[in-house]
Amino acid sequence: MKENNFLHLVSFIACMLVIVIHTRFPGNFGVVMEAVSRIAVPYFFALSGRFLLRDGDDDTCKIRLKCGKYLIKILKITGIVYVVYFVFSLAVHIYLGDAIGEWLVSKYSPREAIWFFLFNSGTFVYDSAFVFDHMWFLFALIYSVGLIYIFAGVLRKWYKVLIAGLLFMLYFGEALQTYYPIRPFDISITTWYVMRNWLFVGLPFVLLGILFADIFRKKKEEYADSYAEVMNGKKPLFILTIAAGIIMSVAEAFIFGKKEVFIGSLVAVIGIFLLSECEVAAGKFLYKIGKKSSNVIYYYHVLVIAVLDRLSYSGVIPYPPMWLKPVLVMALCLLIFYFAPVFLKKRFE
């Protein structure tokens, strides 16, 4: 990623917000925080697209070269993360005395394979040992970049239409969830992964990131030396856009109930990337966590939650109150995935 400390800071905040989604604060405060947190995953998809083709190459071979390198990187990361969770799950089931053969058969059944390949979810990516299917993000990213690789020759001819069409389908589907819950594939559309998958979230937001990169590059060429001045002049507008997106998300949550991606989430993400082109103070510390550890925290925070839950169920530690659990998981993730590595690196240098 091109150095942008503001985006590193937002990445830190976003990975903390993902923890909030999976632990949840109680009461109306919890509703507000979860609504705000729904910005995080679309942001991470858009961030991937923002720097995927930032040089603006139109040549099919060059697009495929960059996508191919990124795909290899994502596949390696996904493989490692998947193996870690599989080993943890296997260890838990062995400890509980479960029949491993039956567990494997149920986990990797043909029906679950269909849900995995269609929606990036199902017991392929979660089970009773860790109950959140957060790895869907990695598989959705693989699908999205893979499709860009395949259709590289027509990417910039069609990506604006695809962004508009897929986002329309996402929000139309979420409207159906509220007002007319149909059953595609004999699954209720209210099931979380029917609208939250590679097609309706991953692909449009990755393409949106590519669109941001193209727009910013063209504006830099248009304004040349005055680009920074022009963008800084619009900074209040961009901040208001983010604030409006957050307020819209909260309002949508109270009016329409829980959704995977609010319209306000889209507005806030747009505002964040517009603001990222301005001169914005990112502090002296928190952006470093975002730069070094936001991805690792995203990948493994569910493991921290699962271990904490397992120790609580076993009576080793008291189960944390609902209001404390998100803060505790955040603190543990920061300690394990940022402070401990930094300390060990300095210790052995």
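Residues numbered from 1 in each chain as written. Predicted model: local features only at pLDDT ≥ 70, side-chain atom pairs only at ≥ 80, totals over all residues. Heavy atoms only, no water.

Caption draft 1: The arrangement of the overall build of the chain in detail. If you tally the helices and strands in the chain, you get 15 helices and zero strands. In summary, the chain has a C-alpha radius of gyration of 21 Å against a globular reference of 20 Å for 349 residues, a match within 12%. Here the C-alpha coordinates of the chain stretch approximately 65 × 50 × 45 Å along the principal axes. Evaluated residue by residue, the chain yields a buried proportion of 52% over its 349 residues. A separation threshold of at least 6 residues defines the contact pool for the chain, and within that pool the share at least 24 residues apart is 75%. (Helix = DSSP H or I, 4+ residues; strand = E, 2+ residues; numbered from the N terminus. Rg over C-alpha atoms; globule rule 2.2 N^0.38 Å. Buried < 20%, exposed > 50% of the residue type's maximum accessible area, 1.4 Å probe, protein only. Contact = heavy atoms within 4.5 Å.)

Caption draft 2: Structural detail: the environment of alanine 175. In this fold, alanine 175 is placed in helix 8 (residues 155–179). Residues alanine 175 and phenylalanine 256, spaced 81 residues apart in sequence, show a C-alpha to C-alpha distance of 8.8 Å.

Caption draft 3: Layout of the environment of cysteine 15. Assignment of secondary structure puts cysteine 15 in helix 1 (residues 5–23). Along the backbone, cysteine 15 and phenylalanine 44 are 29 residues apart, and their C-alpha atoms lie at a distance of 9.1 Å. Among all residues touching cysteine 15, those that are not within four sequence positions of it are Phe44, Ser294 and Ile297.

Caption draft 4: A look at the nonpolar core. If you look at the biggest cluster of nonpolar residues, it comprises 112 residues, and the most contacted ones within it are Tyr43, Phe45, Phe130, Ile148 and Phe273. Looking at this core, the element that brings in the most residues is helix 10 (residues 198–223), giving twelve residues. Excluding anything up to four places from it in sequence, phenylalanine 45 contacts Trp136, Phe137, Ala140, Leu141, Val201, Gly202, Phe205 and Val206. (Core = buried A, V, L, I, M, F, W, Y, C linked by side-chain atoms within 4.5 Å.)

Caption draft 5: Region of the structure containing the packing of helix 10 against helix 13 (residues 263–275). Two elements in contact, helix 10 and helix 13, have axes separated by 11 Å at closest approach and are oriented at 30 degrees. Here the hand of the crossing between helix 10 and helix 13 comes out right-handed. Here Phe205, Leu208, Phe212 and Phe216 of helix 10 lie close against helix 13, whose contacting residues are Leu266, Val269, Ile270, Phe273 and Leu274. Residue composition of the contact of helix 10 with helix 13, grouped by class: nine nonpolar, no polar and no charged. (Axes fitted to C-alpha atoms, helices over the stretch in contact; angles between N-to-C directions. Left-handed = near helix turned anticlockwise from the far one by under 90°. Nonpolar A, V, L, I, M, F, W, Y, C, P; charged D, E, K, R; others polar.)

Caption draft 6: Main features of the packing of aromatic side chains. With the rule as written, the count across this model stands at 33 aromatic pairs. Between phenylalanine 44 and tyrosine 298 the ring centres are 5.8 Å apart and the planes differ by 75 degrees, which places this aromatic pair in the edge-to-face class. You can see phenylalanine 44 sitting in helix 3 (residues 40–50) and its partner tyrosine 298 sitting in helix 14 (residues 286–313), a full 254 residues away along the chain. Across the pair, exposure class does not vary: phenylalanine 44 and tyrosine 298 are buried alike. (Phe/Tyr/Trp six-rings, centres within 6.5 Å; stacked < 30°, edge-to-face > 60°.)

Caption draft 7: Fine view of helix 14. Spanning 28 residues, helix 14 covers only 33 Å between terminal C-alpha atoms, well under the ideal 40 Å at 1.5 Å per step. Once helix 14 finishes, glycine 315 follows within two positions and takes phi at roughly 80 degrees, a positive value. (Expected span 1.5 Å × (residues − 1).)

Caption draft 8: Quick look at helix 7 (residues 136–150). With 15 residues, helix 7 should cover 21 Å at 1.5 Å per step; its first-to-last C-alpha distance of 21 Å lies within 8% of that length. The complete set of buried residues in helix 7 reads Trp136, Phe137, Leu138, Phe139, Ala140, Leu141, Ile142, Ser144, Val145, Gly146 and Ile148. In this fold, the buried residues of helix 7 make contact with helix 3, helix 4 (60–95), helix 6 (110–119), helix 8, helix 10 and helix 14.

Caption draft 9: Representation of the pattern of salt bridges in the model. Considering all chains together, one arrives at 16 salt bridges under this definition. A salt bridge links lysine 291 to glutamate 3; the shortest N-O distance between them is 3.5 Å. Here glutamate 3 lies in the segment before helix 1 and lysine 291 lies in helix 14, a separation of 288 residues in the sequence. Residue lysine 291 is classed as partly exposed on the basis of its relative accessible area of 44%. (Salt bridge = Lys/Arg side-chain N within 4 Å of Asp/Glu carboxyl O.)

Caption draft 10: Spotlight on a positive patch on the surface. A contiguous patch of positive charge on the surface is contributed by Lys288, Lys292, Lys345 and Lys346. Put simply, the parts of the chain that give the positive patch at least two residues each are helix 14 and helix 15 (325–348). If you trace the backbone, lysine 345 turns up in helix 15. Overall, the relative accessible area of 52% leaves lysine 345 in the exposed class. (Patch = residues over 30% accessible without salt bridge, like charges linked within 9 Å, V, L, I, M, F, W, Y side chains within 5 Å. Areas by Shrake-Rupley, 256 points an atom, 1.4 Å probe, with all protein chains shown as cover. Lys, Arg positive; Asp, Glu negative; His and termini not counted. Charge placed at Lys NZ, Arg CZ, Asp CG, Glu CD.)

Caption draft 11: Layout of unusual backbone geometry. In this structure, asparagine 120 is a non-glycine residue whose phi angle is positive, near 65 degrees. By the secondary structure assignment, asparagine 120 is in the loop between helix 6 and helix 7. Take asparagine 120: its relative accessible area is 0%, and that puts it in the buried class. A positive phi angle is found at alanine 224, which is not glycine, with a value near 55 degrees.

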